[in-house]
Amino acid sequence: MNVSLLASIIILVPSAAFGADSSTRCYSAKEELFGNGQSLGHSYASASIANDDKSALVSFSVSMPDSGQVLGNKKIASTRIAPNSHEFRFLDGWGNQGKGTLVISGKHASLILEVEKVNPGGNNILRNYGTYNLSLSQC
């Protein structure tokens with residue numbers, strides 16, 4: 001299955017929580033996607049996290065290059081479930097309930113978006129869910 005996306009996730013915390021010199025780590029990916037042997041366009045993904053914390057606000061967006069459907073939410077509370085992992089739950093624009101996880105490992109991060117409950121009529125956006133592998137980049 002060809003999966004395409006334009007994903008971004010931002011974990012935000014008030015700068016006062018870390019002082020004026022808080023650091024932010026950013027991750028991104030760009031990949032050309034194909035369907036039936038033809039290019040569908042490029043998928044883009046990015047993630048940012050401001051320092052390590054016990055709780056953070058998450059913002060993300062996922063869209064396909066060949067459709068106008070967007071999966072996303074802004075400023076969702078997340079929970080740190082491991083030293084380098086944050087988990088969050090969200091309701092997408094089609095009424096589906098989802099769960100997201102951002103797992104950071106050195107110069108790489110995984111953004112994992114899973115559907116937990118499908119709302120009637122919400123099937124079309126499900127192709128935007130999945131796992132996206134990102135690499136350390138500049139903010």
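Please read all numbers here as calculations on a predicted model, not as lab measurements. (Residues numbered from 1 in each chain as written. Predicted model: local features only at pLDDT ≥ 70, side-chain atom pairs only at ≥ 80, totals over all residues. Heavy atoms only, no water.)

Draft legend 1. Layout of the overall build of the chain. Of the regular secondary structure elements, the chain holds 0 helices and 9 strands. Within the chain, the proportion of its 139 residues that are buried is 35%. Sequence separation of 24 or more characterises 53% of the internal contacts of the chain that already satisfy a separation of 6 or more. For the chain, the exposed surface amounts to about 7,600 Å²; the carbon and sulfur share of it is 50%. (Helix = DSSP H or I, 4+ residues; strand = E, 2+ residues; numbered from the N terminus. Buried < 20%, exposed > 50% of the residue type's maximum accessible area, 1.4 Å probe, protein only. Contact = heavy atoms within 4.5 Å. Areas by Shrake-Rupley, 256 points an atom, 1.4 Å probe, with all protein chains shown as cover.)

Draft legend 2. Highlighting the nonpolar core. Grouped together as the largest cluster of nonpolar side chains are 11 residues: Phe60, Val62, Leu71, Ile76, Phe88, Phe90, Leu111, Leu113, Ile125, Tyr129 and Tyr132. If you list the elements that add at least two residues to this core, you get β4 (55-63), β5 (70-82), β6 (85-91) and β8 (108-117). If sequence neighbours within four positions are ignored, Tyr129 has contacts with Leu71, Phe90, Asp92, Asn96, Gly98, Leu113, Glu114 and Val115. With 7 residues, the next largest nonpolar core counts Ala47, Ile49, Ala109 and Leu134 among its residues. (Core = buried A, V, L, I, M, F, W, Y, C linked by side-chain atoms within 4.5 Å.)

Draft legend 3. Spatial organisation of the packing of aromatic side chains. The full count for this structure, using the stated rule, is 2 aromatic pairs. Their ring planes at 35 degrees and their centres at 6.1 Å tell us that Phe88 and Phe90 sit as a pair that is tilted. Taken individually, Phe88 and Phe90 each receive the classification buried, so the pair is uniform in this respect. On the basis of an interplanar angle of 15 degrees and a centroid distance of 6.0 Å, the ring pair of Phe90 and Tyr129 is categorised as stacked. Of the two residues, Phe90 is situated in strand β6 and Tyr129 in the loop between β8 and β9 (130-137); the sequence distance between them amounts to 39 residues. Take Phe90 and Tyr129: they sit in the same class, and that class is buried. (Phe/Tyr/Trp six-rings, centres within 6.5 Å; stacked < 30°, edge-to-face > 60°.)

Draft legend 4. Spotlight on the confidence of the model for the chain. When the pLDDT values of the chain are averaged, the result is 75; 71% of them are 70 or greater. Predicted confidence in the chain is weakest over strand β1 (residues 6-12), with a mean pLDDT of 41, and strongest over β8, with 93. Contacts of residues 1-22 to residues separated by more than four positions or lying in other chains number 72 contacts, the stretch itself having pLDDT below 50. (pLDDT = per-residue confidence, 0-100.)

Draft legend 5. How the structure looks around the pattern of salt bridges. Tallying each qualifying case throughout the model produces 4 salt bridges. Among the salt bridges present, the one from Glu116 reaches Arg89, with a minimum N-O distance of 3.1 Å. Taken together, the residues Glu116 in strand β8 and Arg89 in strand β6 connect sequence positions 27 residues apart. Taking the relative accessible area as the measure of exposure, Glu116 reaches 41% and is therefore partly exposed. (Salt bridge = Lys/Arg side-chain N within 4 Å of Asp/Glu carboxyl O.)

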